[in-house]
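Per-entry structural report
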Amino acid sequence: MSATRPDPDRLLADITAEKRQAARGKLKIFFGACPGVGKTYAMLQSLQQLRSEGKRVLVGVAETHGRSETARLLQDLPQLPLREVEYRGHALREFDLDAALAAARPDLIAVDELAHSNIEGSRHRKRWQDVEELLAAGIDVHSTLNVQHLESLNDIVGRITGVRVRETVPDRVLDQADDVVVVDLPADELLKRLAEGKVYLPEAAQRARENFFRKGNLIALRELALRRAADRVDAQMNDYRRTRAIEAVWPARERLLAGLAGTDEDERLVRDAARLARKLEADWIAAHVDVAQHRLGKHARGRIARTLELAASLGAETATLPGTDVADALVACARARNVNRLLLGHKPRSPWRFWHRSTVDRIGRRHSDLDLIVIARGARQRAPEIPRERIAPRIKWLPYLWSTLACFAATAVASVLLRVFDLANVVMLFLLTVVLVALRLGRGPGAWAAFLAVACFDFFFVPPKLSMSVGDTQYIFTFVLMLGVALITGQLTARLRHEARVASAREHRAVMLARLSRELAGALVTEQIVEIALRDFGSGFHAGVGLALPDAEDRVRAITHNTIEIDESIAQWVYDHAQAAGAGTATLSAAKARYIPLKAPMRVRGVLALEFAGAEPLREPEEQRLLEACGGQLALALERVHYVEVAQNTLVQIEGERMRNTLLSAMSHDLRTPLTTILGAAQAAEPQLRDHAAAPLLGSIIEQAQAMLRLIENLLDMARLQSRGVELNRQWQSLEEIVGSALRELREPLRAHPLKVDVPADLPLLEVDALLIERVLVNLLENAAKHTPAGTPIDVRARDENGNVVIEIDDAGPGLPAIAPDKLFDPFERGHKESSVAGIGLGLALARRIVEAHGGKIEARPRSPRGASFIVTLPAPAQPQVELA
């Protein structure tokens, strides 16, 4: 094992991170493949052990799921009382975060089921957020987690098991845990525990065995859990090697690095590497060393870019490595990424290049700890379909012309200096000329300047002058030494020039990305983001820029300030498929611009279009990666602003709803008392004025007062539901009695409508809140009476259907308004902006809230040829046992 001096900047960053981590609590996760493997049991065993060692432990929440072994371990441990939360009429128990923070400082708190979703009204939506607050307070936490709850694996588990778990935990929670204990059981043993009732109760165990707990599912989940834990350990090992600057490869797992030479046979090498990586089940990297990228032609650069794209499509991580030596660059990459196998192509050495050592030879001789896999390559054949590049003579020979003129100018200056200095001193002037030419014009002109400088020195200054012959043989050694020094210094200078260009290009990309990130971080509205994108992308990529953003219906529309014209049909395709299209891609390549989806973590946020001025856009992989990184920053900024707007709108809506509910509640209370007095007085006077001429007017007063009283009751109920939720007093009730009570209350409004009621007496009993279900039927019947002409029939039917009781209220009126049927159930929605029918649009909204609180559903459907139908579906649970006398 060899070690070198660690990077001081990275070491300082690690020390800073360790200081921050020291102030936080430690998180230990008991990780398993699925329920029943013993995670909670192992966690409680750990708590028992720590308690015996004198640690102060506390159980915040632990789910035993009826397992007696787990319950016995829990008995002797101090437990934090759970808080009771009222939710939809039920008293539920939840982990009490405030009590945990206020408790006498324990050394450790156990919080079971990290992925659990908290009840509405809790401080955090997820339990893992509660755990993070405990850790921030410096309290150690033990918790449990199943592999299917990891965000990155949730969809994979869903495809394997056919069950999509909705409760997830971000992967970073597992990655940042201080300790992860894998609790594992073979599939057969887990199925045995399930059959013995040690995982679920018998009824639930049977359902689990038929769905989730199949042997194939358990084996696949076990492999996922073990691989995910191995990935975490591998990351820890790499961090250890990095912080201690360990260069030696530790082949704890297979990793493969394929070195690309930039030849036609690289595609074969990439495919061989992909096949080998699949056989080894290894991660692999495809890397090209950028030794002389600036000297490559257009087709050579395009070939390298296509090969890297092919490698990425086959699952590789691609990289373009800087460096002047291919072998050193590949080895450095292998050691940095802990790669244990290098895959290289090897071409037989030409006989006349007997002194040359190939990359394979140099790596094999100097780095014996790396496994080399060599694939033989034949002589490179020219591809007939790609013509040889032709460069205009003016472009090709102009640097050599300037090199020649520089040597002649140096000769002229030397002839003047010889009047003062000796001939040996003038030689340095020619060496300086070679260095300057190589620095300014490159390798080829630098080499030409070296030969020409020696020739000029010989011809003009060495006796016999104006002749290439040499009178003194010592000058031959001078010429050879001068030529060697000139060539070496020229080539070194040219290499320095190339590296300076590469460094400058990388600095430009880094500065552009940093500037874009800084400017986007300060953007508060979409218009600012658009302005920044048009300016920075245009100057950074020397291209015309256009943006297309989606509207509320997910139709992308080009913004007005674009510098190029956008084809919205192409932009829509890119937005829908989340794939690039247009110029330089395999899709719609005839387009003038390249269309790139702006992918944010949640979804695609828009489309970026770039129309390049040059004929070779994004010719280098680094430029493509820069574009991807800048596009990602732009997408993140758009998503951030979107959610800021959503949060602001939601806050305004919440405040508006709160003010409206408060106002309605106050008005309803103030109106209810005088209205009740009016209605009572009118009803008391009705028998005395039965034969009086004012009797019809009194009847109208009573009818309208009753309608207004029902409206006020709806207002009060809606305000109460908005603030406290639906509180149910469930009792076993007969639907026939509830329907009869609702019809009696509405006998006056329904007097003008022929009524047909079909409620069979043998319907199952319902476990419902009778008053609230009666309110639902009253609102639906009153709605039908108000919105249909007098004389049209209203039907009330009920039936038993698939374990549910379905109630259907039909009318023959004008039908549903021209809006989505589901919108009718929104608060204060009346279907028409202007209507002569009294009401404020709360009856249907209240009905939906009550029905959904009972676990049912309500919907509206149009009838044929006319009319509307409102359908209420309520669950009919197992009937109660009736004791016979």
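Everything discussed here concerns the structure shown above.
Residues numbered from 1 in each chain as written. Predicted model: local features only at pLDDT ≥ 70, side-chain atom pairs only at ≥ 80, totals over all residues. Heavy atoms only, no water.

1. A short note on the environment of L342
- Mapped onto the elements, L342 comes out in strand β11 (residues 341–346).
- It is 9.6 Å that separates the C-alpha atoms of L342 and V360, two residues lying 18 residues apart in sequence. (Helix = DSSP H or I, 4+ residues; strand = E, 2+ residues; numbered from the N terminus.)

2. Points about helix α19 (residues 526–541)
- The first and last C-alpha atoms of α19 sit 22 Å apart over 16 residues, in line with the 22 Å expected at 1.5 Å per residue.
- For α19, the set of buried residues is I529, V530, I532, A533, L534, D536, F537, G538, G540 and F541.
- Where α19 ends, the next residue or the one after it, H542, has phi of about 50°, a positive value. (Expected span 1.5 Å × (residues − 1). Buried < 20%, exposed > 50% of the residue type's maximum accessible area, 1.4 Å probe, protein only.)

3. Quick notes on the pattern of salt bridges
- One pass over the full model with this rule turns up 22 salt bridges.
- Its salt-bridge partner being R271, residue E267 comes within 3.6 Å of it at the nearest N-O pair. On the criterion of helical spacing, the pair formed by E267 and R271 is a turn pair, its members being 4 residues apart in helix α11 (residues 266–280).
- Overall, the relative accessible area of 34% leaves E267 in the partly exposed class.
- By relative accessible area, R271 is classed as partly exposed at 39%.
- Through salt bridges that share partners, D795, R797, R799, E801, E808 and D810 make up one connected network. (Salt bridge = Lys/Arg side-chain N within 4 Å of Asp/Glu carboxyl O.)

4. A few points about the sheet that holds strand β6 (residues 140–146)
- Sheet architecture is open: 5 strands sit in the order β2-β5-β6-β1-β7, paired in parallel fashion. With partners counted over all chains shown, the strands left at the sheet margins are β2 (57–61) and β7 (179–183), one partner each. Across the sheet, the axes of successive neighbouring strands diverge by a mean angle of 20°, strand direction being ignored.
- Two strands pair when backbone bridges link them, and β2 and strand β5 (residues 108–111) are joined in this way by 4 bridges, in the parallel orientation. Bridge pairing in β5 places V59 opposite A110. (Pairing = 2+ DSSP bridges. Axes fitted to C-alpha atoms, helices over the stretch in contact; angles between N-to-C directions.)

5. Looking at a nonpolar patch on the surface
- Taken together, the side chains of L398, L401, W402, L405 and F408 present a nonpolar region at the surface, about 500 Å² in accessible area.
- Mapped onto the elements of the fold, L398 is located in helix α15 (residues 393–417). (Patch = residues over 30% accessible without salt bridge, like charges linked within 9 Å, V, L, I, M, F, W, Y side chains within 5 Å. Areas by Shrake-Rupley, 256 points an atom, 1.4 Å probe, with all protein chains shown as cover.)

6. Topic: the sheet that holds strand β17 (residues 604–612)
- Read across the sheet, 5 strands follow the order β14-β13-β17-β16-β15 without closing on themselves; strand pairing throughout is antiparallel. Taken across any chain shown, the strands that pair with only one partner, and hence form the sheet edges, are β14 (556–558) and β15 (581–582).
- Pairing of strand β13 (residues 543–550) with β14, which is carried by 3 bridges, proceeds in the antiparallel orientation. Each bridged residue has a counterpart across the sheet, and for A548 the counterpart in β14 is A558.

7. Topic: the packing of helix α16 (residues 423–441) against helix α17 (residues 443–461)
- Interhelical geometry of α16 versus α17 gives an angle of 160° and a closest axis separation of 8 Å. Considered as vectors, α16 and α17 are oriented roughly antiparallel to each other. Of the two possible hands of crossing, α16 and α17 adopt the one that is right-handed. Across the interface between the two elements, L423, V427, F430, V434, V437, A438 and L441 from α16 touch P445, G446, A449, A450, A453, C456, F457 and F461 from α17.
- Residue classes in the contact of α16 with α17 are distributed as 14 nonpolar, 1 polar and no charged. (Parallel < 35°, antiparallel > 145°, perpendicular 65-115°, else oblique. Left-handed = near helix turned anticlockwise from the far one by under 90°. Contact = heavy atoms within 4.5 Å. Nonpolar A, V, L, I, M, F, W, Y, C, P; charged D, E, K, R; others polar.)

8. Describing α17
- Between its terminal C-alpha atoms α17 stretches 27 Å, which fits the 27 Å expected from 19 residues at 1.5 Å a residue.
- Where α17 is concerned, the buried positions are P445, G446, A449, A450, L452, A453, V454, C456, F457, D458 and F461.

9. With respect to unusual backbone geometry
- Although it is not a glycine, D554 adopts a positive phi angle of roughly 60°.
- Mapped onto the elements, D554 comes out in the loop between β13 and β14.
- Backbone geometry places A578, a non-glycine residue, at a positive phi of 55°.
- Mapped onto the secondary structure, A578 falls in the loop between α20 (568–577) and β15.

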